[in-house]
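Structural characterization, general
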Amino acid sequence: MTSGQQPGTPLWRQAFDAAEKRVTPHAESLVRTPQFATGVGLLRRAQNLAKDTARGVSARAWHLVNLPAGSDLARLRSQIGALDREVRRLTVQLENERRTRPATDTTPEETDADGAQPAVSARPRPPRRGAQRPPRT
C-alpha cells in the first residue's frame, strides 16, 4: 500500500492513483504550451465548421421535402416568445389603465369584452372526429 492510501482501497483505485501520479505532471506541462492552445483553437474552428456544414446540409434536405428545419423552428419559437412578452406587456398596461380610470367611463366594446369567455388552453385543439363506423348494409 502506498502512502496516502486508505486501508481497504480497491486495487483498481490504487492502479488509477499510481498512473495519475506519474502522468499528471507531464500532461500539465503539455497543456500549458502555446502550441497546445493553438491546436485547441484550430480543432474548435474545424469542429464549428463541420457542425455548420452539417446543419446547412440537413436544413436543405428538410426544405427539399417541404418540412421545417431546426433553424426555422428556432426562429418561430423566438417570434412566439416575443409575441408572448408583448401580449403580457399590453395586458399589464391595460390593467393599469383600467385601475386608474373611473368605473363609469367604459365603452360598449369593453363591456362586451368583459363578458367574453377566456381561452381554455394556449394551444388550439384539432377538430374531433366522430367514431368511424362501417357502412350499414
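I will try to describe carefully the structure that is included in this document. Everything numeric in this text was worked out from a predicted model, so none of it was measured. (Residues numbered from 1 in each chain as written. Predicted model: local features only at pLDDT ≥ 70, side-chain atom pairs only at ≥ 80, totals over all residues. Heavy atoms only, no water.)

1. Focus: a nonpolar patch on the surface
Taken together, the side chains of Leu30, Val31, Phe36 and Val40 make up a nonpolar region of the molecular surface, amounting to roughly 330 Å² of accessible area. Going through the elements one at a time, helix 1 (11–31) and helix 2 (34–64) are the ones with two or more residues in the nonpolar patch. Inspection of the secondary structure assignment puts Phe36 in helix 2. (Patch = residues over 30% accessible without salt bridge, like charges linked within 9 Å, V, L, I, M, F, W, Y side chains within 5 Å. Areas by Shrake-Rupley, 256 points an atom, 1.4 Å probe, with all protein chains shown as cover. Salt bridge = Lys/Arg side-chain N within 4 Å of Asp/Glu carboxyl O. Helix = DSSP H or I, 4+ residues; strand = E, 2+ residues; numbered from the N terminus.)

2. Observations regarding the pattern of salt bridges
Under the counting rule described, the total for this entry stands at six salt bridges. Among the ionic pairs, Arg75 bridges to Asp72, the shortest N-O distance being 3.2 Å. Of the two residues, Arg75 and Asp72 both sit in helix 3 (residues 70–100), three residues apart, roughly one turn of that helix. Two residues, Glu86 and Arg89, come together in a salt bridge whose shortest N-O distance is 2.7 Å. Here Glu86 pairs with Arg89, and both are found in helix 3, just three residues apart, close to one helical turn. Residue Glu86 is classed as partly exposed on the basis of its relative accessible area of 34%. A relative accessible area of 45% places Arg89 in the partly exposed class. (Buried < 20%, exposed > 50% of the residue type's maximum accessible area, 1.4 Å probe, protein only.)

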